[in-house]
Structures are given as C-alpha cells and as structure tokens.
Amino acid sequence: MTRVLMAITGSDHWTLADGTPHATGFWPEELIVPHQKFTDAGYDLVLATPGGVRPVPDQAGFTPEMNGGDSAAGERFRDYLASIDAVLAAPADLHAMSADDFDAVFVPGGHGPMEDLAVDADFGRLLNQFDDAGKIVSAVCHGPAALLSATTDDGAWTFAGRRVTGFANTEETQIGFAESAPWLLQDRLTDAGGSYESADEAWAPHIVADGNLFTGQNPGSTGPLADVLVEALADVDSAANVA
C-alpha cells in the first residue's frame, strides 16, 4: 500500500518582524483537500508534527474572504476536521519518522511552517532521506518554507537549482503581511538558489514539478497538486510492479 507522510506544522503562531506573535497554524484547505484525495486513492496516511503536538488550523482559513466568498466552505472544512479529530489529536512525532517507511512526504501550508519547519534541522535531514532515495517531496503555498530546512554537508540548500514555487510576494502583499513578515517565501526560496516560478496572475493555481520535487503556489493549487501527486504515485506503483 502507498504510504504518505503528511508533515504538518506544530506552531500556533508566526513571529512577525517586530517580534509580535500572529496566531496561525496549518491552512485548513491545504490539509483537508489532499487528505481526502489521498484517502480516496487508498493511501495509508500518517499525520505528523514536530514532537507529536496537536496541530491547529489557522482560523482565517475558515472565512468566506479567504475562500473565494464561499460562506459554506468554512463549515465544510470544520466538519472534515471534526471527522478526523482523533488523528489530529494524536499525530505521530515527525522527528521519529524515516523515509524508508514512506513513498512520499507532503507539507500543507499556513504561516506555521515558516515558524517551525523552515528551521527544523531534524526535518531537514528527513527531507534529505526522501530526496536521496528519489522519493516524492511535495509542499503547497507556505509549505515550501519547510524545504528550506534541508541542507547538504557543505551547508548549501538541498534543492538549490531546482524549479520550485510557493506563496508569491504579490499574494503576501495582497493579504497584508508583506510589510510585517520577517521574510518572504518567494525571496527566501530564490536566495537559497531555487529557480522560483509563479503563475502570471496572483491566486491562479500553479504547479511546478522538477524530478521528485512537486510544489504548489497557493491555496487554489492544493487540489491540482494533490491530483498530480496521485498520478505520480500511480506511476511509482506501476514501475515497482514491473520491476
């Protein structure tokens, strides 16, 4: 059975440039949509956070304003999270995971990963295990911040030179955080050596695949990215069966 590790932020805040904490967590849509698609595909899913702490959703992710004006989206998201509450209440410890046990790792966004996963050396070593084995590494929106934790022995970013996307500066500006953010994801990915790409228009779905690395730009990219991952994992299964 295909096994996917969902690596979720354990942070409930994001420290802004002036040192104040902004309440956040994971972005509901970016956990829920892949979780549902992967479950429908029959995958064995393991949800994990640093230290096995219970992850919290960013409450902004339930609002109509952040869901294209859909006032019912938030309730659907809350209902889905309630249906998997037992799993969310007792996630695995991300630091105890091994890439040997999984076919792919997926990181949902929200500003939370910028607080913890982006600087989590243990998670970085886990990402290196996945990448060294040629296994799928994937993240969406602010989730690619977590990829920054992976470095080579000489201190370079593991994914330097690779094509990648993530939440764009224009999008961060439009939601009002660009001025208060300690750093911007697009800038950090670029500065680390990534070949950053984005859609021509802010908020348009955009997926980038470079070898075993799959990233999505924004919340609207979540469903399309999950679909691409299901296809990629099917190809992996087919290759394994042929071998």
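Only a predicted model underlies this, so the values are computations on that prediction, with no experimental measurement involved. (Residues numbered from 1 in each chain as written. Predicted model: local features only at pLDDT ≥ 70, side-chain atom pairs only at ≥ 80, totals over all residues. Heavy atoms only, no water.)

A look at the nonpolar core
By size, the foremost hydrophobic cluster in this structure holds 68 residues, and its most contacted members are L5, L94 and F123. Considering every element that reaches this core, the biggest residue donor is helix α8 (residues 222–242), with five residues. Apart from residues lying up to four places away in sequence, F123 is in contact with A7, L94, H95, V105, V107, L117, A146 and S149. (Core = buried A, V, L, I, M, F, W, Y, C linked by side-chain atoms within 4.5 Å. Buried < 20%, exposed > 50% of the residue type's maximum accessible area, 1.4 Å probe, protein only. Helix = DSSP H or I, 4+ residues; strand = E, 2+ residues; numbered from the N terminus. Contact = heavy atoms within 4.5 Å.)

Digging into the pairing of strand β6 (residues 104–107)
Alternating residues of β6 divide into A104 and F106 and V105 and V107, and every residue in both groups is buried. Strand direction decides the pairing type here: strand β1 (residues 3–7) and β6, joined by three bridges, are parallel. Bridge pairing in β6 links M6 to F106. Relative to strand β7 (residues 136–140), β6 runs parallel, the two sharing four bridges. Bridging across to β7, F106 finds its partner in S138. (Pairing = 2+ DSSP bridges.)

Focus: the UniProt feature "domain: DJ-1/PfpI" (unreviewed entry) in the protein chain
Following the UniProt record, one finds the feature "domain: DJ-1/PfpI" (unreviewed entry) at residues 28–231. What you have in residues 28–231 is 33% helix and 14% strand, and the ends, taken at the C-alpha atoms, are 23 Å apart. (UniProt positions renumbered as here; feature names shortened; annotations may be inferred.)

Quick look at the environment of T152
Its place among the elements puts T152 in the loop between β7 and β8 (163–164). Spatially, the C-alpha atoms of T152 and V119 are 14 Å apart, while their sequence positions differ by 33 residues.

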